[in-house]
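# Architecture and fold: a report
What follows is the residue order along each chain.
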Amino acid sequence: MRIAVAYKWAGDPQEANVGPDGVVDMSRAKPVVSDYDAVAIAVGRQLADSNGAELIGLSVGDPAAAASMATKTALARGLDRVVVVTGAGLTSAGATRTASVLAEAVRRIGGVDLILTGDSSIDAGAKLVPAMLGGILGWPTLTDADKVSISQETVTLTRVVGDQEEQLAAGLPAVLAVSTDAAAVKAPGMKDVLAAGKKPVEVIAVTDLADAHAGEGAVRSARPLDPPARRRVRIDATDPAEAARTLLESLRADGVLALRKGE
């Protein structure tokens, strides 16, 4: 059995600078594996240990995501090995592009039974990638998982919805987004850091994937429509009957009122 954990190497929002004009500057923010992803890795480690599974870290980003510091940081969290897909612009890629590249990487790895993600990404925080990834792969997708267990064919989870606790199950393979409280996260110790340097790292250029352009062109830009011009009508209230007739004609002309057949 193979379990993959998708994580992102991105700037820490805690180190962002906010200018006087309100613009957020992330240029000096130190990249990290976010706390959300660390929870997913911790859950993955527990599941892998209890099921004799291999735990694979999977990341998509620019070449910095494949640097030694980035991969060792992720591996020290308890991953068995890491696969990083790199390419210019991938760090700032939208959810569609990211999910598409992740799906291609999962197909390339082969034999993945479960994909775990954090509650959301550290930067965009849109919570879209898990659902998109599951949709592209054709796998069931479950979110907000608190307690997770797996067998050879099924993943079972408990999650809180409102004031109710809900239990769900899905057949494997599946995609699962875990909640922020799904596992306790411990800081890696020196032994973990030293062991990370000896674990396998595979770097894949996005151009080497079977569908190198997966998800490209799926982003659309939009802008609000200009509000319709307001038409002003002056009504002389000297003659009440004439004022009422003018008001009715104006409302009908604007489509607020419609004439019934025969009127």
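Source: prediction; values computed, not measured.

A count of helical and extended segments in the protein chain gives six helices and 14 strands. Across the 263 residues that make up the protein chain, the buried fraction comes to 39%. Restricting the contact set of the protein chain to residue pairs at least 6 apart, pairs at least 24 apart contribute 71%. Summed over all atoms, the accessible surface of the protein chain reaches about 15,300 Å², with 52% contributed by carbon and sulfur.

Read from one edge of the open sheet, three strands run 10-11-12, paired in antiparallel fashion. Looking at which strands have only one partner, the edges of the open sheet turn out to be strand 10 (147-150) and strand 12 (164-171). On average, each strand axis in the sheet is inclined to that of its neighbour by 15 degrees, with strand direction left out of account. Two strands pair when backbone bridges link them, and strand 11 (residues 154-161) and strand 12 are joined in this way by eight bridges, in the antiparallel orientation. Looking across to strand 12, one finds that Arg-159 is bridged to Glu-166.

Right, let's get into the pattern of salt bridges. Applying the stated rule across the entire model yields nine salt bridges. A salt bridge links Arg-81 to Glu-54, with the nearest nitrogen and oxygen atoms 2.6 Å apart. Of this pair, Arg-81 sits in strand 7 (residues 81-86) while Glu-54 sits in strand 6 (residues 54-61), and the two are 27 residues apart along the sequence. A salt bridge links Glu-166 to Arg-159, with the shortest nitrogen-to-oxygen separation between them at 2.7 Å. Among the ionic contacts, a cluster of salt bridges with common partners joins Arg-2, Glu-54 and Arg-81.

Right, let's get into the sheet that holds strand 8 (residues 112-117). Strand order in the open sheet formed by seven strands is 9-13-8-1-6-7-14, with parallel pairing between adjacent strands. The sheet is open, and its two edges are formed by strand 9 (141-145) and strand 14 (201-205), each paired on a single side. The sheet shows a mean angle of 20 degrees between the axes of neighbouring strands, taken without regard to direction. Of the pairings in the sheet, the one linking strand 1 (residues 2-7) to strand 8 comprises four bridges and is parallel in character. The partner of Val-5 across the bridge, within strand 8, is Leu-116. Packed onto the sheet, helix 1 (residues 35-51) meets strand 1, strand 6, strand 8 and strand 13 (174-178) and runs at close to 175 degrees relative to strand 1.

Calculation criteria
Residues numbered from 1 in each chain as written. Predicted model: local features only at pLDDT ≥ 70, side-chain atom pairs only at ≥ 80, totals over all residues. Heavy atoms only, no water. Helix = DSSP H or I, 4+ residues; strand = E, 2+ residues; numbered from the N terminus. Buried < 20%, exposed > 50% of the residue type's maximum accessible area, 1.4 Å probe, protein only. Contact = heavy atoms within 4.5 Å. Areas by Shrake-Rupley, 256 points an atom, 1.4 Å probe, with all protein chains shown as cover. Pairing = 2+ DSSP bridges. Axes fitted to C-alpha atoms, helices over the stretch in contact; angles between N-to-C directions. Salt bridge = Lys/Arg side-chain N within 4 Å of Asp/Glu carboxyl O.

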